Amino acid sequence: MRRLRTIARTLIRELRRALPQHCLFDCYQQDFLLYEQVLNQQPKDKIKIYSLHEPKAYCIAKGKDHKAYEYGSKASIASTATSNIIVGVVSHEQNLHDSHTLLDILAHVEVSRGQAAK
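Quick caveat: nothing in here was measured; it's all calculated off a predicted structure.

Trainee: Looking at this structure, how should I read the overall build of the protein?
Mentor: On a plain count of helices and strands, the protein comes out with three helices and four strands. Rg of the C-alpha trace for the protein: 21 Å, well past the compact-globule value of 13 Å for 118 residues, more than 25% over. Split into buried and exposed, the 118 residues of the protein put 18% on the buried side. With an accessible surface of roughly 9800 Å², the protein has 55% of that area assigned to carbon and sulfur atoms. Across the protein, the 17 positively charged side chains and the 12 negatively charged ones have centroids separated by 7 Å.

Trainee: Any chance you could explain the pattern of salt bridges here in plain terms?
Mentor: A pair can form between side chains of opposite charge whenever their charged atoms are brought close. Tallied over the full model, the rule gives four salt bridges. Between Lys67 and Glu70 there is a salt bridge, with its nearest N and O atoms 3.8 Å apart. The network of salt bridges with common partners includes Lys62, Lys67 and Glu70.

Trainee: Please explain the environment of Ser79 as it appears in this structure.
Mentor: Relative to the elements of secondary structure, Ser79 occurs in strand β3 (residues 74-79). Among the residues examined, Ser79 registers a relative accessible area of 41% and is labelled partly exposed. Through-space distance from the C-alpha of Ser79 to that of Val89 is 9.1 Å; in sequence the pair is 10 residues apart. Beyond its immediate sequence surroundings of up to four residues, Ser79 is in contact with Asn84, Ile85, Ile86 and Val87.

Parameters and conventions
- Residues numbered from 1 in each chain as written.
- Predicted model: local features only at pLDDT ≥ 70, side-chain atom pairs only at ≥ 80, totals over all residues.
- Heavy atoms only, no water.
- Helix = DSSP H or I, 4+ residues; strand = E, 2+ residues; numbered from the N terminus.
- Rg over C-alpha atoms; globule rule 2.2 N^0.38 Å.
- Buried < 20%, exposed > 50% of the residue type's maximum accessible area, 1.4 Å probe, protein only.
- Areas by Shrake-Rupley, 256 points an atom, 1.4 Å probe, with all protein chains shown as cover.
- Lys, Arg positive; Asp, Glu negative; His and termini not counted.
- Charge placed at Lys NZ, Arg CZ, Asp CG, Glu CD.
- Salt bridge = Lys/Arg side-chain N within 4 Å of Asp/Glu carboxyl O.
- Contact = heavy atoms within 4.5 Å.

Without other data, these values stay purely geometric and don't point to any function.
Following this line, the structure appears as structure tokens:
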């Protein structure tokens, strides 16, 4: 792991030197900040990046023996009671308890359908 971090830091340093000559650094500045944040994070840090292609993913504790953790984002789906047609979908940026996600999904259903859910 240490060797991989050394190689990654060297590559970032070389790209930082080479890209301003080609005027590409401005386009990729956010990516470089993300890469540096990943390289500088420690195991005990509270805010971590688990995925480079999905930086807003977070760790969700499952509490099960065979799969203790899951990485991603939590989503709420609302469907009709009788025909199970999906009428609303909301993605949450934090790992909220299911009882706290109900108000968000009901507000989304009301906006998308034009009437409140019963």
